[in-house]
Amino acid sequence: MKSIRHKALIGILILFLLGSLIPQSSAQTVYQTYFWITETNMKLTAIRTTGDLTLDHVQLSEIIVGGQGNLTLLDGFYGEILCNYSIPAASSFNVLEVGNLDADAFNEIVAGSQDEMLVVALDYNTSSGKLVKLWEKNYNITHAQITDLTGDSSNEVLISDSLGNLTVFNKDGVLIWTKNLSTPIDYFQCLDFSQDGKIDRILVLMESYVALLNTSGAVEWQAELISKPLNGVVGDVQGTSELELIVKTQNVTNCFTQNGTLLWNSSSYSSSSQGLLLYNSSESQKFEILISGNTGSYLLNGSDGSIIRNYLSNSSVTCIAIGKIFGDTYDYLIMGDRNKNITIWTMEPVNGAVVQFINITLSDSVVDIILQDMNADGIPDIVTASSNGTVYVIGVPWFIDFNWLLIGIGIGCIVIVISIVILLKTKSSPSKTTGFHIK
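Residues numbered from 1 in each chain as written. Predicted model: local features only at pLDDT ≥ 70, side-chain atom pairs only at ≥ 80, totals over all residues. Heavy atoms only, no water.

Colleague: Where do I start with the layout of surface pockets in this structure?
Modeller: To find leftover empty space, a probe the size of one water molecule is rolled over the atoms. Estimated volume of the largest pocket: approximately 1,500 Å³. Lining the largest pocket are 43 residues, with Arg48, Tyr187, Gln274, Val367 and Asp368 positioned closest to its centre. Listed by contribution, the elements that provide at least two residues to the lining of the largest pocket are β2 (44-51), β6 (95-99), β10 (141-147), β14 (185-191), β18 (229-235), β22 (276-279), β26 (317-323) and β30 (366-372). For the lining of the largest pocket, the element with the most residues is β2, which contributes six residues. For the lining of the largest pocket, the residue count by class is 20 nonpolar, 17 polar and six charged. (1 Å grid on protein atoms, 1.4 Å probe; cavity = no way out; pocket = protein on both sides within 12 Å on 5 of 7 lines; lining within 4 Å. Points joined across faces, edges and corners; volume = space filled by probe spheres on them. Helix = DSSP H or I, 4+ residues; strand = E, 2+ residues; numbered from the N terminus. Nonpolar A, V, L, I, M, F, W, Y, C, P; charged D, E, K, R; others polar.)

Right, here's the structure in full:
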(Lines give C-alpha, C1' and ligand atoms only; values in the text may rest on other atoms or scores of the structure.)
Protein backbone atom coordinates (compact mmCIF):
# COMPACT_ATOMS: atom_id res chain seq x y z
CA MET A 1 0.00 0.00 0.00
CA LYS A 2 2.84 2.41 0.80
CA SER A 3 4.22 1.70 -2.66
CA ILE A 4 0.96 2.96 -4.27
CA ARG A 5 1.06 6.16 -2.22
CA HIS A 6 4.68 6.78 -3.12
CA LYS A 7 3.92 6.29 -6.83
CA ALA A 8 1.00 8.73 -6.63
CA LEU A 9 3.14 11.40 -4.99
CA ILE A 10 5.93 10.86 -7.53
CA GLY A 11 3.32 11.26 -10.31
CA ILE A 12 2.20 14.64 -8.93
CA LEU A 13 5.79 15.85 -8.76
CA ILE A 14 6.39 14.78 -12.37
CA LEU A 15 3.21 16.63 -13.46
CA PHE A 16 4.37 19.91 -11.92
CA LEU A 17 7.85 19.42 -13.35
CA LEU A 18 6.41 19.03 -16.86
CA GLY A 19 4.22 22.08 -16.31
CA SER A 20 7.27 24.18 -15.47
CA LEU A 21 8.94 23.11 -18.72
CA ILE A 22 6.00 24.22 -20.94
CA PRO A 23 6.52 27.73 -22.44
CA GLN A 24 4.74 30.34 -20.36
CA SER A 25 1.54 32.06 -21.59
CA SER A 26 1.54 30.15 -24.87
CA ALA A 27 -2.20 30.78 -25.23
CA GLN A 28 -1.73 34.47 -24.59
CA THR A 29 0.07 35.03 -27.87
CA VAL A 30 -2.03 37.92 -29.16
CA TYR A 31 -3.19 37.68 -32.77
CA GLN A 32 -6.06 38.72 -35.01
CA THR A 33 -8.51 36.28 -36.56
CA TYR A 34 -11.73 36.46 -38.56
CA PHE A 35 -14.84 36.34 -36.38
CA TRP A 36 -16.88 36.02 -39.56
CA ILE A 37 -16.83 36.83 -43.29
CA THR A 38 -20.01 37.53 -45.28
CA GLU A 39 -20.49 37.99 -49.03
CA THR A 40 -23.11 40.58 -49.97
CA ASN A 41 -22.74 39.98 -53.73
CA MET A 42 -22.70 43.71 -54.53
CA LYS A 43 -20.03 46.35 -54.94
CA LEU A 44 -19.67 48.33 -51.68
CA THR A 45 -18.89 51.99 -51.10
CA ALA A 46 -19.69 52.51 -47.40
CA ILE A 47 -19.91 50.65 -44.09
CA ARG A 48 -21.17 51.73 -40.64
CA THR A 49 -21.99 50.13 -37.30
CA THR A 50 -25.54 50.81 -36.09
CA GLY A 51 -25.64 49.84 -32.42
CA ASP A 52 -27.89 46.98 -31.34
CA LEU A 53 -31.08 47.04 -33.45
CA THR A 54 -32.47 43.52 -33.18
CA LEU A 55 -33.52 43.15 -29.51
CA ASP A 56 -31.99 39.65 -29.45
CA HIS A 57 -30.07 38.03 -26.59
CA VAL A 58 -26.74 39.17 -28.08
CA GLN A 59 -26.38 42.84 -27.12
CA LEU A 60 -23.91 43.77 -29.88
CA SER A 61 -23.99 46.20 -32.77
CA GLU A 62 -25.34 45.36 -36.19
CA ILE A 63 -23.57 46.50 -39.38
CA ILE A 64 -25.02 48.38 -42.36
CA VAL A 65 -23.28 48.46 -45.74
CA GLY A 66 -24.21 50.43 -48.84
CA GLY A 67 -23.35 49.90 -52.46
CA GLN A 68 -24.70 49.03 -55.85
CA GLY A 69 -28.49 48.74 -55.70
CA ASN A 70 -28.74 47.95 -51.99
CA LEU A 71 -28.39 48.78 -48.34
CA THR A 72 -27.72 45.57 -46.43
CA LEU A 73 -28.08 45.09 -42.68
CA LEU A 74 -26.00 42.31 -41.10
CA ASP A 75 -26.11 40.73 -37.65
CA GLY A 76 -22.97 41.87 -35.86
CA PHE A 77 -22.30 38.64 -33.98
CA TYR A 78 -22.94 36.02 -36.68
CA GLY A 79 -22.59 38.02 -39.92
CA GLU A 80 -26.00 36.81 -41.12
CA ILE A 81 -27.78 39.10 -43.62
CA LEU A 82 -30.91 40.39 -41.88
CA CYS A 83 -32.51 42.46 -44.64
CA ASN A 84 -31.97 44.68 -47.69
CA TYR A 85 -33.32 48.01 -48.86
CA SER A 86 -33.13 48.23 -52.63
CA ILE A 87 -32.95 50.88 -55.35
CA PRO A 88 -32.46 50.30 -59.11
CA ALA A 89 -29.41 48.10 -59.65
CA ALA A 90 -27.80 50.66 -61.96
CA SER A 91 -27.53 53.09 -59.02
CA SER A 92 -25.41 53.03 -55.88
CA PHE A 93 -25.64 54.37 -52.35
CA ASN A 94 -22.67 56.73 -52.04
CA VAL A 95 -23.68 58.23 -48.64
CA LEU A 96 -24.36 56.33 -45.41
CA GLU A 97 -24.76 57.70 -41.87
CA VAL A 98 -26.15 56.36 -38.57
CA GLY A 99 -27.60 58.29 -35.63
CA ASN A 100 -30.55 58.65 -33.31
CA LEU A 101 -33.37 60.76 -34.76
CA ASP A 102 -36.28 60.05 -32.41
CA ALA A 103 -34.56 59.89 -28.97
CA ASP A 104 -35.50 56.23 -28.43
CA ALA A 105 -33.05 53.41 -27.63
CA PHE A 106 -32.23 52.65 -31.27
CA ASN A 107 -30.42 54.43 -34.08
CA GLU A 108 -31.80 55.31 -37.47
CA ILE A 109 -30.05 55.21 -40.85
CA VAL A 110 -29.74 58.00 -43.42
CA ALA A 111 -28.54 56.95 -46.86
CA GLY A 112 -28.18 58.73 -50.17
CA SER A 113 -27.69 57.97 -53.82
CA GLN A 114 -26.37 60.69 -56.10
CA ASP A 115 -27.32 58.54 -59.10
CA GLU A 116 -30.97 58.43 -58.01
CA MET A 117 -31.06 61.96 -56.50
CA LEU A 118 -32.32 60.22 -53.36
CA VAL A 119 -31.98 60.83 -49.62
CA VAL A 120 -33.81 58.36 -47.41
CA ALA A 121 -34.18 58.00 -43.62
CA LEU A 122 -34.79 54.43 -42.43
CA ASP A 123 -35.69 52.63 -39.22
CA TYR A 124 -35.29 48.91 -38.47
CA ASN A 125 -38.60 47.25 -37.58
CA THR A 126 -37.97 44.33 -35.21
CA SER A 127 -41.40 42.79 -35.85
CA SER A 128 -41.10 42.59 -39.64
CA GLY A 129 -37.29 42.32 -39.69
CA LYS A 130 -37.14 44.99 -42.40
CA LEU A 131 -35.76 48.49 -42.94
CA VAL A 132 -38.76 50.83 -43.02
CA LYS A 133 -38.70 54.21 -44.78
CA LEU A 134 -39.42 57.20 -42.52
CA TRP A 135 -39.06 59.89 -45.21
CA GLU A 136 -37.22 60.63 -48.43
CA LYS A 137 -36.03 63.69 -50.39
CA ASN A 138 -34.68 64.37 -53.88
CA TYR A 139 -31.14 65.82 -53.79
CA ASN A 140 -27.84 65.19 -55.61
CA ILE A 141 -26.40 64.24 -52.22
CA THR A 142 -22.64 64.21 -51.61
CA HIS A 143 -22.47 63.82 -47.82
CA ALA A 144 -24.67 63.62 -44.70
CA GLN A 145 -24.32 63.86 -40.94
CA ILE A 146 -26.77 63.23 -38.09
CA THR A 147 -26.13 65.64 -35.23
CA ASP A 148 -27.75 68.26 -32.99
CA LEU A 149 -27.31 71.57 -34.80
CA THR A 150 -30.07 73.53 -33.05
CA GLY A 151 -29.04 72.76 -29.45
CA ASP A 152 -32.44 71.30 -28.54
CA SER A 153 -31.01 67.85 -27.62
CA SER A 154 -32.67 66.36 -30.71
CA ASN A 155 -30.60 65.38 -33.73
CA GLU A 156 -31.09 66.83 -37.19
CA VAL A 157 -30.00 65.59 -40.63
CA LEU A 158 -27.53 67.82 -42.48
CA ILE A 159 -26.82 67.06 -46.15
CA SER A 160 -24.71 68.61 -48.91
CA ASP A 161 -25.22 68.28 -52.65
CA SER A 162 -23.52 68.80 -55.99
CA LEU A 163 -25.46 72.04 -56.62
CA GLY A 164 -23.78 73.77 -53.67
CA ASN A 165 -26.61 73.44 -51.16
CA LEU A 166 -26.16 72.74 -47.46
CA THR A 167 -29.56 71.68 -46.10
CA VAL A 168 -30.87 70.79 -42.64
CA PHE A 169 -33.96 68.65 -41.90
CA ASN A 170 -35.51 67.78 -38.56
CA LYS A 171 -36.18 64.18 -37.51
CA ASP A 172 -39.42 64.11 -39.53
CA GLY A 173 -37.82 65.41 -42.72
CA VAL A 174 -39.14 68.97 -42.31
CA LEU A 175 -36.82 71.65 -43.74
CA ILE A 176 -35.12 73.84 -41.08
CA TRP A 177 -32.75 75.89 -43.26
CA THR A 178 -30.75 75.73 -46.46
CA LYS A 179 -27.68 77.65 -47.68
CA ASN A 180 -26.34 77.80 -51.22
CA LEU A 181 -22.58 78.37 -51.66
CA SER A 182 -22.72 78.61 -55.48
CA THR A 183 -20.25 75.76 -56.03
CA PRO A 184 -20.54 71.97 -55.54
CA ILE A 185 -19.97 70.83 -51.96
CA ASP A 186 -17.90 67.65 -51.83
CA TYR A 187 -17.78 67.13 -48.07
CA PHE A 188 -18.36 68.86 -44.73
CA GLN A 189 -17.63 68.32 -41.05
CA CYS A 190 -19.62 69.42 -38.00
CA LEU A 191 -17.16 70.79 -35.42
CA ASP A 192 -17.09 71.54 -31.70
CA PHE A 193 -14.73 74.50 -31.23
CA SER A 194 -15.91 75.16 -27.67
CA GLN A 195 -15.23 71.53 -26.65
CA ASP A 196 -18.48 71.40 -24.64
CA GLY A 197 -19.99 68.47 -26.52
CA LYS A 198 -22.12 70.75 -28.73
CA ILE A 199 -21.69 71.46 -32.43
CA ASP A 200 -20.97 75.15 -33.03
CA ARG A 201 -19.40 75.32 -36.52
CA ILE A 202 -19.66 73.60 -39.90
CA LEU A 203 -16.56 73.21 -42.08
CA VAL A 204 -17.58 73.05 -45.75
CA LEU A 205 -15.18 71.67 -48.37
CA MET A 206 -15.62 72.64 -52.03
CA GLU A 207 -13.55 72.11 -55.17
CA SER A 208 -10.88 74.68 -54.28
CA TYR A 209 -12.35 76.52 -51.30
CA VAL A 210 -12.98 75.89 -47.63
CA ALA A 211 -15.61 77.82 -45.67
CA LEU A 212 -16.54 77.94 -42.00
CA LEU A 213 -20.25 78.39 -41.20
CA ASN A 214 -22.13 78.78 -37.94
CA THR A 215 -24.99 76.42 -37.09
CA SER A 216 -27.53 78.77 -38.70
CA GLY A 217 -25.77 78.61 -42.09
CA ALA A 218 -24.05 82.03 -42.01
CA VAL A 219 -20.54 82.09 -43.51
CA GLU A 220 -17.90 83.33 -41.03
CA TRP A 221 -14.92 83.08 -43.38
CA GLN A 222 -13.81 81.45 -46.60
CA ALA A 223 -10.34 80.64 -47.96
CA GLU A 224 -9.00 79.48 -51.31
CA LEU A 225 -6.70 76.46 -51.26
CA ILE A 226 -3.97 75.34 -53.66
CA SER A 227 -5.44 71.83 -54.00
CA LYS A 228 -8.78 70.13 -53.45
CA PRO A 229 -9.75 69.78 -49.74
CA LEU A 230 -10.59 66.28 -48.53
CA ASN A 231 -11.20 66.46 -44.75
CA GLY A 232 -10.92 68.63 -41.65
CA VAL A 233 -10.55 68.29 -37.89
CA VAL A 234 -10.21 70.57 -34.84
CA GLY A 235 -7.64 70.21 -32.04
CA ASP A 236 -4.81 71.82 -30.11
CA VAL A 237 -1.83 71.09 -32.37
CA GLN A 238 0.25 74.13 -31.35
CA GLY A 239 0.27 73.37 -27.63
CA THR A 240 -1.22 76.76 -26.73
CA SER A 241 -4.55 75.45 -25.33
CA GLU A 242 -6.23 77.16 -28.31
CA LEU A 243 -7.87 74.92 -30.90
CA GLU A 244 -6.67 75.05 -34.50
CA LEU A 245 -8.43 73.88 -37.65
CA ILE A 246 -6.56 71.27 -39.71
CA VAL A 247 -7.62 70.90 -43.36
CA LYS A 248 -6.19 68.05 -45.41
CA THR A 249 -6.09 68.51 -49.19
CA GLN A 250 -4.89 66.29 -52.02
CA ASN A 251 -1.36 67.75 -51.87
CA VAL A 252 -0.78 69.63 -48.59
CA THR A 253 -2.20 69.89 -45.09
CA ASN A 254 -3.15 73.35 -43.83
CA CYS A 255 -3.36 74.66 -40.27
CA PHE A 256 -5.74 77.60 -39.65
CA THR A 257 -6.66 79.60 -36.58
CA GLN A 258 -10.34 79.73 -35.71
CA ASN A 259 -10.70 83.07 -37.52
CA GLY A 260 -9.21 81.69 -40.75
CA THR A 261 -5.59 82.84 -40.49
CA LEU A 262 -3.24 80.34 -42.13
CA LEU A 263 -0.48 79.21 -39.74
CA TRP A 264 1.36 76.73 -41.97
CA ASN A 265 1.28 74.37 -44.95
CA SER A 266 2.87 70.95 -44.77
CA SER A 267 5.35 69.68 -47.32
CA SER A 268 3.70 68.33 -50.46
CA TYR A 269 2.43 64.78 -50.91
CA SER A 270 -0.21 63.02 -52.99
CA SER A 271 -3.44 61.67 -51.52
CA SER A 272 -6.88 60.65 -52.73
CA SER A 273 -8.50 59.56 -49.43
CA GLN A 274 -10.02 61.49 -46.53
CA GLY A 275 -7.82 59.78 -43.90
CA LEU A 276 -7.08 62.39 -41.20
CA LEU A 277 -6.69 61.83 -37.43
CA LEU A 278 -5.23 63.59 -34.43
CA TYR A 279 -2.83 61.62 -32.24
CA ASN A 280 -1.20 62.40 -28.90
CA SER A 281 2.12 60.57 -28.64
CA SER A 282 3.90 59.65 -25.43
CA GLU A 283 6.51 62.32 -26.20
CA SER A 284 4.13 65.21 -26.88
CA GLN A 285 1.77 67.36 -24.83
CA LYS A 286 -0.07 68.47 -27.96
CA PHE A 287 -1.75 66.69 -30.84
CA GLU A 288 0.13 65.45 -33.86
CA ILE A 289 -1.59 64.93 -37.21
CA LEU A 290 -1.86 61.59 -39.01
CA ILE A 291 -2.76 61.70 -42.70
CA SER A 292 -3.15 58.99 -45.32
CA GLY A 293 -1.37 59.28 -48.67
CA ASN A 294 -0.75 57.39 -51.90
CA THR A 295 2.47 55.81 -50.59
CA GLY A 296 1.56 55.33 -46.93
CA SER A 297 0.60 57.41 -43.91
CA TYR A 298 2.52 60.31 -42.39
CA LEU A 299 2.61 61.69 -38.87
CA LEU A 300 2.99 65.49 -38.95
CA ASN A 301 4.25 67.85 -36.28
CA GLY A 302 1.41 70.15 -35.24
CA SER A 303 3.76 73.12 -34.84
CA ASP A 304 4.86 73.38 -38.46
CA GLY A 305 3.55 70.41 -40.47
CA SER A 306 6.93 68.69 -40.80
CA ILE A 307 6.95 64.91 -41.06
CA ILE A 308 7.83 63.09 -37.83
CA ARG A 309 7.66 59.57 -39.24
CA ASN A 310 6.29 57.47 -42.13
CA TYR A 311 4.24 54.28 -42.28
CA LEU A 312 4.92 53.15 -45.84
CA SER A 313 2.59 51.23 -48.15
CA ASN A 314 2.93 49.64 -51.58
CA SER A 315 -0.34 51.23 -52.72
CA SER A 316 -2.65 54.15 -52.03
CA VAL A 317 -4.06 54.19 -48.49
CA THR A 318 -7.88 54.28 -48.42
CA CYS A 319 -8.56 54.48 -44.66
CA ILE A 320 -6.82 54.70 -41.28
CA ALA A 321 -7.70 54.12 -37.63
CA ILE A 322 -5.83 54.22 -34.30
CA GLY A 323 -6.73 51.98 -31.36
CA LYS A 324 -5.74 49.55 -28.63
CA ILE A 325 -6.86 46.57 -30.67
CA PHE A 326 -4.91 43.95 -28.72
CA GLY A 327 -6.10 45.09 -25.31
CA ASP A 328 -2.72 46.74 -24.65
CA THR A 329 -2.16 50.14 -23.06
CA TYR A 330 -0.56 51.51 -26.24
CA ASP A 331 -1.94 52.36 -29.67
CA TYR A 332 -1.61 50.70 -33.04
CA LEU A 333 -2.17 52.17 -36.50
CA ILE A 334 -4.57 50.18 -38.67
CA MET A 335 -4.16 51.09 -42.34
CA GLY A 336 -6.24 49.88 -45.32
CA ASP A 337 -5.12 50.27 -48.93
CA ARG A 338 -6.22 49.76 -52.53
CA ASN A 339 -4.04 46.66 -52.85
CA LYS A 340 -6.39 44.60 -50.59
CA ASN A 341 -4.23 44.93 -47.47
CA ILE A 342 -4.86 45.93 -43.89
CA THR A 343 -1.53 46.52 -42.18
CA ILE A 344 -1.14 47.01 -38.43
CA TRP A 345 1.75 49.12 -37.15
CA THR A 346 3.13 50.24 -33.84
CA MET A 347 2.33 53.95 -33.55
CA GLU A 348 5.44 54.56 -31.47
CA PRO A 349 8.94 53.47 -32.59
CA VAL A 350 10.32 50.15 -31.34
CA ASN A 351 14.14 50.17 -31.17
CA GLY A 352 14.12 53.43 -33.11
CA ALA A 353 11.71 52.42 -35.89
CA VAL A 354 7.98 51.84 -36.37
CA VAL A 355 7.17 48.16 -36.89
CA GLN A 356 4.62 46.58 -39.21
CA PHE A 357 3.06 44.10 -36.82
CA ILE A 358 0.52 42.19 -38.96
CA ASN A 359 -0.66 42.11 -42.59
CA ILE A 360 -4.24 40.99 -43.32
CA THR A 361 -5.26 40.44 -46.96
CA LEU A 362 -8.86 41.06 -48.02
CA SER A 363 -10.49 40.15 -51.33
CA ASP A 364 -10.38 43.68 -52.79
CA SER A 365 -9.64 47.34 -52.01
CA VAL A 366 -10.41 48.23 -48.38
CA VAL A 367 -13.53 50.43 -48.13
CA ASP A 368 -13.25 51.61 -44.52
CA ILE A 369 -12.05 50.61 -41.05
CA ILE A 370 -14.23 50.92 -37.94
CA LEU A 371 -12.94 49.97 -34.49
CA GLN A 372 -15.66 48.58 -32.21
CA ASP A 373 -15.96 45.79 -29.65
CA MET A 374 -17.89 43.06 -31.49
CA ASN A 375 -17.60 40.18 -29.00
CA ALA A 376 -18.07 41.98 -25.65
CA ASP A 377 -14.53 41.32 -24.40
CA GLY A 378 -13.68 44.98 -23.92
CA ILE A 379 -11.17 45.05 -26.81
CA PRO A 380 -11.86 47.01 -30.04
CA ASP A 381 -12.23 44.81 -33.11
CA ILE A 382 -11.88 45.70 -36.80
CA VAL A 383 -15.10 46.07 -38.79
CA THR A 384 -14.27 46.43 -42.47
CA ALA A 385 -15.32 45.64 -46.02
CA SER A 386 -13.75 45.19 -49.43
CA SER A 387 -15.10 47.02 -52.47
CA ASN A 388 -16.16 43.80 -54.23
CA GLY A 389 -18.77 43.10 -51.53
CA THR A 390 -17.16 41.13 -48.69
CA VAL A 391 -17.74 42.23 -45.08
CA TYR A 392 -15.35 41.21 -42.29
CA VAL A 393 -15.15 41.38 -38.52
CA ILE A 394 -11.57 40.77 -37.35
CA GLY A 395 -10.32 40.73 -33.77
CA VAL A 396 -8.61 39.00 -30.88
CA PRO A 397 -10.44 35.70 -30.24
CA TRP A 398 -11.57 34.48 -26.87
CA PHE A 399 -8.80 32.43 -25.24
CA ILE A 400 -7.91 30.63 -22.05
CA ASP A 401 -4.66 31.51 -20.28
CA PHE A 402 -2.68 28.27 -20.57
CA ASN A 403 -0.77 28.87 -17.34
CA TRP A 404 -3.99 29.08 -15.34
CA LEU A 405 -5.23 26.00 -17.18
CA LEU A 406 -2.12 24.12 -15.99
CA ILE A 407 -2.67 25.28 -12.42
CA GLY A 408 -6.28 24.11 -12.61
CA ILE A 409 -5.21 20.70 -13.92
CA GLY A 410 -2.61 20.44 -11.17
CA ILE A 411 -5.14 21.25 -8.44
CA GLY A 412 -7.58 18.76 -9.94
CA CYS A 413 -4.92 16.05 -9.98
CA ILE A 414 -4.04 16.74 -6.33
CA VAL A 415 -7.70 16.42 -5.33
CA ILE A 416 -8.07 13.16 -7.26
CA VAL A 417 -4.88 11.63 -5.84
CA ILE A 418 -5.77 12.61 -2.25
CA SER A 419 -9.22 11.10 -2.74
CA ILE A 420 -7.69 7.83 -4.01
CA VAL A 421 -5.25 7.71 -1.08
CA ILE A 422 -8.08 8.26 1.43
CA LEU A 423 -10.18 5.60 -0.27
CA LEU A 424 -7.36 3.07 -0.23
CA LYS A 425 -6.61 3.85 3.40
CA THR A 426 -10.27 3.37 4.29
CA LYS A 427 -10.40 0.00 2.55
CA SER A 428 -7.25 -1.21 4.34
CA SER A 429 -8.61 -0.39 7.83
CA PRO A 430 -10.13 -3.22 9.99
CA SER A 431 -13.92 -3.45 9.89
CA LYS A 432 -15.62 -1.98 12.95
CA THR A 433 -19.19 -3.02 12.13
CA THR A 434 -21.24 -4.84 14.82
CA GLY A 435 -22.09 -8.48 14.10
CA PHE A 436 -25.66 -9.81 14.23
CA HIS A 437 -26.62 -13.39 15.19
CA ILE A 438 -29.74 -15.22 14.15
CA LYS A 439 -31.21 -17.11 16.97
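Colleague: Would you mind showing me how to read the pairing of β10 here?
Modeller: Regular strands place their side chains on alternate faces of the sheet. With seven of its seven residues buried, β10 lies for the most part within the structure. Across six bridges, β10 lies against strand β11 (residues 156-161) in antiparallel orientation. Looking at β11, one finds that glutamine 145 is bridged to leucine 158. (Buried < 20%, exposed > 50% of the residue type's maximum accessible area, 1.4 Å probe, protein only. Pairing = 2+ DSSP bridges.)

Colleague: Before we go on, may I ask you to explain the pairing of strand β32 (residues 390-395) in this structure?
Modeller: Across the six residues of β32, six count as buried, placing the element largely inside the fold. Residue alternation in β32 divides its side chains into two sets, Thr390, Tyr392 and Ile394 and Val391, Val393 and Gly395, and both sets are buried. In terms of strand pairing, strand β1 (residues 33-39) meets β32 through six bridges, oriented antiparallel. Considered in β32, the bridge of isoleucine 37 is made with tyrosine 392. Pairing geometry for strand β31 (residues 381-386) and β32, over four bridges, is antiparallel. Residue pairing across strands places isoleucine 382 opposite isoleucine 394, the latter belonging to β32.

Colleague: Would you mind showing me how to read the packing of aromatic side chains here?
Modeller: Describing an aromatic ring pair means giving the distance of the ring centres and the angle of the ring planes. Applying the stated criterion to the full structure yields eleven aromatic pairs. With centroids separated by 5.5 Å and ring planes inclined at 40 degrees, the aromatic side chains of tryptophan 221 and phenylalanine 256 adopt a geometry described as tilted. Of this pair, tryptophan 221 sits in strand β17 (residues 219-224) while phenylalanine 256 sits in strand β20 (residues 253-256), and the two are 35 residues apart along the sequence. Considered together, tryptophan 221 and phenylalanine 256 belong to a single accessibility category, that of buried residues. Relative to tyrosine 332, the ring of tyrosine 330 lies with its centre 5.7 Å away and its plane at 50 degrees, an arrangement referred to as tilted. Among the residues examined, tyrosine 330 registers a relative accessible area of 47% and is labelled partly exposed. For tyrosine 332, a relative accessible area of 4% puts it in the buried group. (Phe/Tyr/Trp six-rings, centres within 6.5 Å; stacked < 30°, edge-to-face > 60°.)

Colleague: Can you help me understand the sheet that holds strand β7 (residues 108-113) in this one?
Modeller: Pairing between the strands of a sheet is mediated by backbone hydrogen bonds and can be parallel or antiparallel. Within the open sheet, the four strands sit side by side as β6-β7-β8-β9. Their pairing is antiparallel. Only two strands of the sheet have a single neighbouring strand rather than two, namely β6 and β9 (130-137). Geometrically, the sheet is characterised by an average inter-axis angle of 25 degrees between neighbouring strands, direction not taken into account. Sheet topology note: the β6/β7 ladder contains five bridges and is antiparallel. (Axes fitted to C-alpha atoms, helices over the stretch in contact; angles between N-to-C directions.)

Colleague: I'm lost on unusual backbone geometry in this one. Help?
Modeller: The general pattern is negative phi for most residues beyond glycine and trans for most peptide bonds. The phi dihedral of serine 153 is positive, around 65 degrees, even though this residue is not glycine. Structurally, serine 153 is set in the loop between β10 and β11. Residue lysine 340 is not a glycine yet carries a positive backbone phi of 75 degrees. For lysine 340, the location among the structural elements is in the loop between β27 (332-337) and β28 (341-346).

Colleague: Explanation requested: the environment of aspartate 368 in the structure shown.
Modeller: On the secondary structure map, aspartate 368 appears in strand β30. Discounting residues that sit within four places of it in the chain, aspartate 368 has contacts with Ile47, Arg48, Cys319, Val383, Thr384 and Ala385. (Contact = heavy atoms within 4.5 Å.)

Colleague: Would you take a moment to explain the environment of valine 174 for this structure?
Modeller: The residue valine 174 is located in the loop between β12 (165-169) and β13 (175-180) in this model. Take valine 174: its relative accessible area is 47%, and that puts it in the partly exposed class. For the pair valine 174 and valine 157, spaced 17 residues apart in sequence, the C-alpha to C-alpha distance is 9.9 Å. The contact partners of valine 174, leaving out residues within four places of it in the chain, are Val168 and Phe169.

Colleague: So what exactly am I meant to see when it comes to the sheet that holds strand β23 (residues 288-292) here?
Modeller: As summarised here, the arrangement of the four strands in space is β22-β23-β24-β25, forming an open sheet in which the pairing is antiparallel. Unpaired on one side and paired on the other, β22 and β25 (307-312) mark the two borders of the sheet. Between one strand and the next, the sheet's axes are offset by a mean angle of 20 degrees, whatever the strand orientation. Where β23 lies against strand β24 (residues 296-300), four bridges are found, and the strand directions are antiparallel. Each residue of the ladder has a partner; that of isoleucine 289, found in β24, is leucine 300.

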